[in-house]
There are 4 protein chains.
Amino acid sequence: MPGNSFGQTFTFTTWGESHGAAIGCVVDGVPPGVALAEPDIQKHLDRRRPGQSRYTTQRQEADTVRILSGVFEGVTTGTPIALMTENADQRSKDYGEIVQTFRPGHADYTYLAKYGLRDHRGGGRSSARETAMRVAAGAVARKVLDHILTAPVSVRGALVQMGPHGIDRARWDWDEVDANPFFCPDREAAREWADYLDGVRKRGSSAGAVVEVVAEGVPAGLGEPVYDRLDADLAKALMSINAVKGVEIGNGFAAAATSGEDNADEMRMGADGPEFLSNNNGGVLGGISSGQPVVARFAVKPTSSILIPRRSVTQSGEETDVVTKGRHDPCVGIRAVPVGEAMLALVIADHLLRQRAQTGTAGPVRTF
Amino acid sequence: MPGNSFGQTFTFTTWGESHGAAIGCVVDGVPPGVALAEPDIQKHLDRRRPGQSRYTTQRQEADTVRILSGVFEGVTTGTPIALMTENADQRSKDYGEIVQTFRPGHADYTYLAKYGLRDHRGGGRSSARETAMRVAAGAVARKVLDHILTAPVSVRGALVQMGPHGIDRARWDWDEVDANPFFCPDREAAREWADYLDGVRKRGSSAGAVVEVVAEGVPAGLGEPVYDRLDADLAKALMSINAVKGVEIGNGFAAAATSGEDNADEMRMGADGPEFLSNNNGGVLGGISSGQPVVARFAVKPTSSILIPRRSVTQSGEETDVVTKGRHDPCVGIRAVPVGEAMLALVIADHLLRQRAQTGTAGPVRTF
Amino acid sequence: MPGNSFGQTFTFTTWGESHGAAIGCVVDGVPPGVALAEPDIQKHLDRRRPGQSRYTTQRQEADTVRILSGVFEGVTTGTPIALMTENADQRSKDYGEIVQTFRPGHADYTYLAKYGLRDHRGGGRSSARETAMRVAAGAVARKVLDHILTAPVSVRGALVQMGPHGIDRARWDWDEVDANPFFCPDREAAREWADYLDGVRKRGSSAGAVVEVVAEGVPAGLGEPVYDRLDADLAKALMSINAVKGVEIGNGFAAAATSGEDNADEMRMGADGPEFLSNNNGGVLGGISSGQPVVARFAVKPTSSILIPRRSVTQSGEETDVVTKGRHDPCVGIRAVPVGEAMLALVIADHLLRQRAQTGTAGPVRTF
Amino acid sequence: MPGNSFGQTFTFTTWGESHGAAIGCVVDGVPPGVALAEPDIQKHLDRRRPGQSRYTTQRQEADTVRILSGVFEGVTTGTPIALMTENADQRSKDYGEIVQTFRPGHADYTYLAKYGLRDHRGGGRSSARETAMRVAAGAVARKVLDHILTAPVSVRGALVQMGPHGIDRARWDWDEVDANPFFCPDREAAREWADYLDGVRKRGSSAGAVVEVVAEGVPAGLGEPVYDRLDADLAKALMSINAVKGVEIGNGFAAAATSGEDNADEMRMGADGPEFLSNNNGGVLGGISSGQPVVARFAVKPTSSILIPRRSVTQSGEETDVVTKGRHDPCVGIRAVPVGEAMLALVIADHLLRQRAQTGTAGPVRTF
């Protein structure tokens with residue numbers, strides 16, 4: 001398949017451009033009999049929706065999703081589920097002046113090099129608007145997880161770093177995440193970030209971020225060695241999100257500096273069987289889930305659209321300075337939180353079905 | 001396809017276990033007419049081969065590769081290329097005592113959970129021995145790149161951090177990489193690492209590492225948005241290597257702490273057209289190669305097999321302490337260097353063919 | 001990918017049910033720069049559209065197609081092309097009485113067995129209404145063929161047998177095909193078929209048919225041995241059309257009764273190089289196109305929906321007789337003609353891009 | 001994946017040329033815990049092995065198979081299974097004189113056109129020798145079917161037509177199939193065919209054939225609409241066998257001449273639930289298995305290698321006559337019987353796992 005599909009057994013394909021008529025996706029491989037209605041999807045789209053605080057783009061999009069197929073009398077039928085959202089706010093004129101110029105950090109140059117032409121309206125296909133459909137597909141994946149597994153899987157995300165400012169993990173509170181405009185799990189950090197990001201925004205700059213996503217309740221046994229490992233697929237899924245430049249699992253890059261004895265996740269017998277005494281490996285060993293929480297982080301670069309002039313060239317080879325006006329997120333990492341959650345849910349759902357194909361069970365073949 | 005294949009258009013499938021009769025791979029999608037002989041592959045295998053210094057496992061394997069199909073009269077025929085290496089040194093008894101025990105940090109527990117049984121001989125399929133076949137397939141990929149592109153692509157790698165010890169980038173010298181047992185580009189750092197790793201080895205511990213891989217000469221235009229981006233596929237490729245816990249492209253995680261203006265790769269007109277003034281994005285914008293060097297780093301956790309006792313449990317639920325005797329690399333990151341190079345070459349080759357499929361040219365459709 | 005996608009490099013995914021809100025497809029892998037507008041697609045949909053004669057279902061559907069993505073300023077951008085047609089005439093009540101009954105020859109029983117539930121409205125996903133989207137995708141494939149190849153490829157189809165009545169090949173006239181309601185290339189046969197099918201229709205019965213599809217101008221060299229042969233992919237493509245029970249290439253089943261010397265396509269030198277003196281192999285040798293016309297035929301069973309009572313059972317296990325009222329084609333083979341053409345065009349387009357990926361040219365590497 | 005792999009979830013990839021060092025395959029997606037040893041595979045290879053009667057090629061090949069990976073202590077481990085057979089009898093000189101000539105009916109011309117070069121030794125990759133590995137992979141598929149399903153699936157094949165001579169179905173006896181050199185289920189027909197084929201052989205000609213394959217015990221519910229239907233995948237699988245020119249399911253082409261009422265498979269309640277009163281549809285409705293026997297037939301063209309001179313041209317454009325000496329099957333359809341069986345078993349195994357992925361059960365979700 002060309003590059004607009006993801007997944008092997010539970011899959012989705014997205015389509016649409018930032019300023020086209022609509023964006024949509026087709027989710028396929030969905031088990032039959034899963035209760036699914038538009039609000040199940042809408043509630044996740046609403047978390048990603050723009051224009052909800054002064055820290056995100058002011059583009060007005062209701063992002064109302066429609067289910068066009070694959071659901072009958074309230075449940076999935078096993079046939080492909082088509083989802084669609086019409087683009088409401090297509091102010092193409094905002095982008096008029098940079099039609100001929102390569103915006104630094106954007107995909108303008110590479111799309112034009114690759115294809116020989118490009119849809120310049122709002123970045124066309126390279127716009128992060130596409131990620132709305134990931135969130136929609138991820139909502140379907142969550143329903144599938146709930147449907148198949150007896151114990152629920154919780155898939156959550158949070159912003160753990162904004163620009164150079166991290167959080168205090170001792171203050172981590174999942175309830176805080178939806179209580180501030182940053183999906184920040186640390187209330188104090190969120191307050192500081194507000195000031196910081198106001199400053200960034202006012203001087204026309206932008207900030208990077210780090211997002212952490214966590215899935216609890218993932219059964220052991222998911223992941224297909226040696227290439228379609230759970231962590232490898234997750235790395236691809238997260239790196240495919242716009243502006244992401246790094247992905248790590250568990251201790252990630254910090255593991256490189258540790259010793260074998262410190263990095264080992266030791267085991268002891270607990271009440272319900274073997275227990276790990278730590279989770280340095282982020283819930284994945286040898287590419288297969290261990291039953292511990294799956295923990296990943298990804299780095300989002302600062303928004304490339306800024307008001308501070310940057311040097312560039314035009315398509316016809318003239319040197320110029322670029323100032324990207326219009327409506328932009330000062331920190332695209334914020335709205336990447338629900339997108340990262342969605343990708344994690346989608347990867348788990350795919351591997352759940354793959355494990356079921358090969359072994360007949362959606363989890364471990366053997367428990368201890 | 002199940003999880004033992006990689007690539008979409010230029011693909012390979014590996015098979016084999018650490019202590020089975022042989023390991024092998026099938027490389028498919030290779031263009032016809034590429035000059036290929038066993039020495040082209042052997043020279044790369046020799047760089048990864050164990051037992052070449054006191055810093056790698058003493059397992060004795062000649063790793064002699066045979067081409068079994070797909071080559072006729074010295075050139076590829078366009079049909080699948082089967083490669084095979086027989087396992088010489090299968091000292092299974094080394095592993096006898098841990099047959100029933102989960103080695104912390106290893107895949108013993110997850111393989112057994114996933115499949116209900118496992119080949120315990122040297123880790124079976126989860127052993128890094130499988131990566132020899134990645135290097136072999138990567139050697140074929142390199143030949144394909146040379147065959148298709150007029151300007152050569154250079155794909156190289158180096159160890160840039162061992163344990164907590166980094167390098168001085170000002171001293172980077174590619175010629176040093178093959179002149180020390182660590183693939184270290186900084187001669188002074190290599191000297192320090194020798195002492196450091198001797199200490200690690202002697203106390204029965206192990207060290208993590210960070211590997212950097214760089215491809216120069218990659219034409220602009222490679223990468224398939226929005227999921228099969230060049231960087232997303234590369235993230236998967238590198239994360240799929242044994243013991244890897246993190247991947248980053250260009251500035252990677254450091255980008256999260258910077259500002260939009262600092263992270264932007266500005267452009268100016270050079271002698272041959274537009275030029276980037278920096279490469280913070282690591283040669284990939286919007287998932288598509290920009291023509292700049294593709295730069296990625298990956299973090300390798302410390303070897304899990306150590307002589308320092310770690311707590312664990314047995315398959316039958318008894319608590320125990322594990323000491324992994326036998327022949328192990330004190331720093332598996334070292335031999336991951338040629339593997340990382342191979343994965344980078346393989347990803348580029350795959351995308352080169354994909355670009356050619358869609359646009360008819362193995363590079364940019366439009367140049368400036 | 002699950003089962004609703006076709007193709008490897010040039011691909012499409014369809015979605016939608018007979019009586020859902022809409023049907024649609026996503027075509028991916030389309031080269032950039034191909035001129036494409038809705039009328040290019042509509043003209044092919046119009047040939048398949050129901051209600052155009054008394055020999056097809058009277059369901060009223062304008063089948064108006066919309067392009068929702070992937071086209072900018074009149075040309076394709078290389079990103080996925082979403083096509084959609086809203087369902088206008090959803091008279092679900094027609095089907096009300098057979099909700100609980102398995103219609104003989106239909107997929108009611110197997111869908112319910114497979115999924116545990118089914119969308120009974122007009123057959124849901126199993127309805128031949130889905131084939132409209134194949135025709136739409138096929139229209140895009142035709143444009144791609146025209147775009148890539150210098151010499152045009154002609155992809156045409158005709159009905160060569162209705163019920164037990166064949167044609168006289170000596171009277172074959174392509175101009176006749178669109179001049180009668182049967183896509184019949186033999187004017188006399190068409191006249192006889194009109195009487196025959198009137199009789200079938202009036203007694204509430206239905207008729208089978210054989211469709212022949214022919215692609216002229218296909219370059220030599222297309223097809224990927226040994227599994228994704230051109231003829232193997234074509235067999236799958238045609239067998240996947242609703243009600244198709246047989247596929248043959250070239251002489252097909254008749255070849256089994258011939259001798260090696262009679263079946264051989266001998267060669268001689270012609271003005272432009274080697275020429276075949278016959279085309280018993282239907283333009284495919286060893287799974288690869290030979291440059292001769294690609295010729296395939298497929299058998300369509302008689303419409304299962306008939307007014308003559310047939311014995312069946314209900315979902316709750318009661319025996320009953322089924323009479324399928326409503327609006328049905330007395331010979332579904334007729335409208336299968338444009339569908340077969342579309343599948344042929346789609347298979348060729350996919351293999352054209354695959355050949356380009358591996359060899360760099362959309363045709364033979366070597367000509368004689 | 002390129003064209004040398006088959007299957008989506010249960011897959012295999014073959015490699016090797018007629019006169020290369022060896023041929024082999026990698027079977028992936030195999031469930032863990034399946035008892036598997038070399039004799040399980042060898043017994044099927046022996047049925048296809050050449051040189052067993054005067055009616056097959058006299059090439060001497062023991063076709064001894066080795067399992068190189070994926071099996072430990074007598075059972076599959078869930079990792080890829082590599083199988084290999086060394087080529088013993090590589091009398092390349094037999095083919096020396098036709099190196100420069102296109103043998104009519106063979107793939108010489110198309111391989112050379114496609115790739116620009118070809119391995120002329122015994123047809124290279126285009127040789128039917130590759131089908132030995134299909135039989136080997138099919139043997140693994142059979143073991144998987146036995147492992148997963150409680151009731152055994154029987155997958156058998158027979159030759160039902162040789163040249164123009166069919167069988168009397170009233171005399172069908174499965175026990176006869178392995179009792180004559182033709183896999184013929186009709187003892188009388190087999191006797192007649194012996195005389196017929198002796199005549200064909202003596203005059204240097206060859207004969208076509210029709211093979212029927214039947215799978216009994218296939219659970220209802222297998223097949224993925226709308227493209228990866230069970231019958232569509234089977235059509236591809238069978239058409240991909242060397243020399244096959246037609247495939248039909250159930251009544252196949254004969255269905256085109258019947259009426260809807262005659263072709264309908266009516267249903268009644270039997271002792272164990274709904275029963276079909278006929279099997280015109282060959283066990284597949286709407287692309288999904290119905291629980292009835294899956295019945296397919298395929299047409300094999302006469303062997304192209306014959307002693308009767310045929311007109312052709314050389315690679316350099318000279319006209320010539322071709323006589324193909326060497327060791328050839330006078331009717332390649334005979335040895336296609338075990339190959340057809342293998343492909344049927346492989347398709348069923350793949351769909352069994354796919355059904356299990358999506359619905360959690362390897363068969364119908366709902367029974368009646």
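Since we're looking at a predicted model, the values are computed, not measured. (Residues numbered from 1 in each chain as written. Chains lettered and ligands numbered in written order. Predicted model: local features only at pLDDT ≥ 70, side-chain atom pairs only at ≥ 80, totals over all residues. Heavy atoms only, no water.)

A short note on the overall build of chain A
What counts is decided by this rule: Helical segments are the DSSP runs of H or I of at least four residues, strand segments are the runs of E of at least two, and each set is numbered from the N terminus. Within these notes, the globule rule equals 2.2 Å times the number of residues to the 0.38 power, and the radius of gyration is based on C-alpha atoms. Only protein chains enter the area calculation, which uses a 1.4 Å probe; residues under 20% of their type maximum are buried, those over 50% are exposed, and those in between are partly exposed. Contacts are assigned to residue pairs that have any heavy atoms within 4.5 Å of one another. Computed by Shrake-Rupley with a 1.4 Å probe, the accessible areas treat only the displayed protein chains as cover when residues are assessed. Here the positive residues are Lys and Arg and the negative ones are Asp and Glu; neither His nor the chain ends is included. Each charge is placed at NZ for Lys, CZ for Arg, CG for Asp and CD for Glu.
In terms of regular secondary structure, chain A is built from eight helices and 18 strands. Here chain A has a C-alpha radius of gyration of 21 Å; the compact-globule value for 368 residues is 21 Å, and the two agree. Projected onto the principal axes, the alpha-carbon positions of chain A cover approximately 65 × 50 × 35 Å. Across the 368 residues in chain A, those meeting the buried criterion constitute 70%. Taking all contacts inside chain A whose residues are at least 6 apart in sequence as the whole, residues at least 24 apart take part in 70%. Summing over all exposed atoms, chain A offers an accessible surface of approximately 10,600 Å²; the carbon and sulfur share of this is 47%. On chain A, the mean spot of the 40 positive side-chain charges and the mean spot of the 45 negative ones are 5 Å from each other.

Things to note about the relation of the copies chain A and chain D
What counts here: For the least-squares superposition of copies, only C-alpha atoms count, and only for residues with pLDDT at least 70 in both.
Superposing chain A onto chain D requires a rotation of 180° together with a translation of 0.0 Å along the rotation axis, leaving an RMSD of 0.0 Å. Overall, the copies show the geometry of a two-fold rotation axis. Measuring from the rotation axis to each C-alpha of chain A, the shortest distance belongs to alanine 357 of chain A, at 2.1 Å. The fraction of interface residues of chain A whose copies in chain D are also interface residues reaches 100%, indicating that both copies meet through the same surface.

Concerning the sheet that holds strand S7 (residues 81-86) of chain D
All names here are of chain D. Note the threshold: A pair of strands counts as paired when DSSP detects no fewer than two bridges linking them.
One open sheet accounts for five strands, arranged S1-S2-S3-S7-S4; its pairing is antiparallel. Each edge of the open sheet is held by one strand with a lone partner, namely strand S1 (5-6) and strand S4 (66-67). When strand S2 (residues 11-16) meets strand S3 (residues 22-28), the two strands line up antiparallel, connected through six bridges. Directly across from tryptophan 15, in S3, lies its bridge partner glycine 24.

Structural notes on the interface of chain B and chain A
The criterion, for reference: By convention, the term buried area covers the 1.4 Å-probe accessible surface removed from two parts as they join, with the contributions of both added. For this analysis, a salt bridge means a side-chain nitrogen from Lys or Arg found within 4 Å of a carboxyl oxygen belonging to Asp or Glu. Definition of a polar contact: a pair of N or O atoms within 3.5 Å, with one able to donate and the other able to accept a hydrogen when the atoms are protein atoms, and with sequence-neighbouring residues admitted only if both atoms are side-chain atoms. Residues are grouped as follows: Ala, Val, Leu, Ile, Met, Phe, Trp, Tyr, Cys and Pro are nonpolar; Asp, Glu, Lys and Arg are charged; all remaining types, including Gly, are polar.
Contacts between the two partners involve 112 residues from chain B, matched on the other side by 112 residues from chain A. Both faces combined, the contact of chain B with chain A buries some 9,100 Å², and carbon together with sulfur accounts for 57% of it. A salt bridge links arginine 310 of chain B to glutamate 266 of chain A, with the shortest nitrogen-to-oxygen separation between them at 3.6 Å. In this structure, the connection of chain B to chain A is made through 67 residue pairs in polar contact (both at pLDDT 80 or more). Residue contributions to the side of chain B that touches chain A peak at seven residues, all from helix H2 (residues 108-115) of chain B. Here the residues of the side of chain B that touches chain A sort into 51 nonpolar, 36 polar and 25 charged.

A few points about the pairing of strand S10 (residues 209-216) of chain D
Residues and elements named next belong to chain D. Of all eight residues in S10, seven are buried, a share of seventy percent or more. Inspection of the sheet shows strand S8 (residues 154-162) paired to S10 by eight bridges, in the antiparallel sense. Residue pairing in the sheet places glycine 157 in a bridge with valine 213 of S10. Bridge count for S10 against strand S16 (residues 294-300) is seven bridges, and the pairing is antiparallel. Bridge pairing in S16 places valine 214 opposite valine 295.

Section: unusual backbone geometry
Residues and elements named next belong to chain A. Cis geometry marks the peptide bond from proline 225 to valine 226, where omega comes out at 5°. Tracing the sequence through the fold places valine 226 in the loop between strand S10 (209-216) and helix H6 (230-239). Positive phi values are uncommon outside glycine, yet aspartate 63 reaches one of about 50°. Position of aspartate 63 among the secondary structure elements: in the loop between helix H1 (38-48) and strand S4 (65-67). By relative accessible area, which is 2% here, aspartate 63 ends up buried. Positive phi, normally seen in glycine, also occurs at glutamate 73, with a value near 50°. When its relative accessible area of 67% is taken as the criterion, glutamate 73 is described as exposed.

What to know about the packing of aromatic side chains
The criterion, for reference: The aromatic pairing rule takes the rings of Phe, Tyr and Trp, using the six-membered ring of Trp, and pairs them if the centres are within 6.5 Å, calling planes under 30 degrees apart stacked, those over 60 edge-to-face and the rest tilted. Criterion for a charge above a ring: Lys NZ or Arg CZ within 6 Å of the ring centre, and within 35 degrees of the ring normal.
Summed over the entire model, instances satisfying the criterion amount to 46 aromatic pairs over all chains. Between tryptophan 172 of chain A and tryptophan 174 of chain A, the ring centres sit 5.1 Å apart and the planes meet at 70°, which makes this aromatic pair edge-to-face. In this structure tryptophan 174 of chain A comes out as partly exposed when scored by relative accessible area, which is 22%. Taking 6.1 Å as the distance between ring centres and 40° as the angle between the ring planes, the aromatic pair formed by phenylalanine 6 of chain B and phenylalanine 12 of chain B counts as tilted. For phenylalanine 6 of chain B, a relative accessible area of 7% gives the class buried. Under the relative-accessibility criterion, phenylalanine 12 of chain B is labelled buried at 1%. The ring centre of tyrosine 115 of chain B lies 5.6 Å from the NZ or CZ of lysine 114 of chain B, which sits over that ring.

So, the side chain of arginine 125 of chain B
Topologically, arginine 125 of chain B is positioned in the loop between H2 and helix H3 (131-148). The buried charged residue arginine 125 of chain B lacks any salt bridge partner; its closest oppositely charged side chain belongs to glutamate 130 of chain B, at an N-O distance of 4.3 Å. A polar contact of 2.9 Å, which involves the side chain of arginine 125 of chain B, links it to the side chain of asparagine 4 of chain B. Ignoring anything within four residues of it in the chain, the contact list for arginine 125 of chain B reads Val226 of chain A, Asn4, Thr14, Trp15, Gly16, Glu17, Tyr111 and Glu130 of chain B together with Thr79 and Pro80 of chain D.

Some details on helix H4 (residues 187-202) of chain C
Residue pairs spaced three or four apart in an α-helix point in one direction, given the helix's 3.6 residues per turn. Residues and elements named next belong to chain C. Applicable threshold: In a helix, the anticipated span is given by 1.5 Å times the number of residues less one.
Compared with an ideal rise of 1.5 Å per residue, which puts 16 residues at 22 Å, H4 spans 23 Å between its outermost C-alpha atoms and is within 8% of the ideal. All buried positions along H4 are accounted for by Ala189, Ala190, Trp193, Ala194, Leu197, Asp198 and Val200. Residues of H4 that are buried in the fold lie against strand S8 (154-162), strand S9 (165-166) and helix H7 (332-359). At the N-terminal boundary of H4, the capping side chain belongs to aspartate 186, with an oxygen 3.0 Å from the backbone nitrogen of glutamate 188. Looking one or two residues past H4, glycine 204 carries a phi angle of roughly 75°, positive in sign.

Concerning the pattern of salt bridges
Taken as a whole and judged by the stated rule, the model has 120 salt bridges over all chains. For lysine 236 of chain B, the salt bridge is made with aspartate 233 of chain A, and the minimal N-O distance between the two is 2.8 Å. Of this pair, lysine 236 of chain B sits in helix H5 (residues 230-239) while aspartate 233 of chain A sits in helix H6, each in a different chain. Like lysine 236 of chain B, the residue aspartate 233 of chain A is buried in the burial classification. Measuring nitrogen to oxygen at the nearest pair gives 3.1 Å for the salt bridge that ties glutamate 224 of chain C to lysine 114 of chain D. Taken together, the residues glutamate 224 of chain C in the loop between strand S10 (209-216) and helix H5 (230-239) and lysine 114 of chain D in helix H2 (residues 108-115) connect one chain to another. For the pair formed by glutamate 224 of chain C and lysine 114 of chain D, the shared burial category is buried. Each of Arg47, Arg142, Asp178 and Glu341 of chain A takes part in a single network of salt bridges with overlapping partners.

Some words on the environment of glycine 260 of chain D
As for its position among the elements, glycine 260 of chain D is in helix H7 (residues 260-263). Residue class for glycine 260 of chain D comes out buried when judged on its relative accessible area of 4%. In contact with glycine 260 of chain D, other than residues within four places in its own chain, are Ser205, Ser206, Pro302, Thr303 and Ile306 of chain C.

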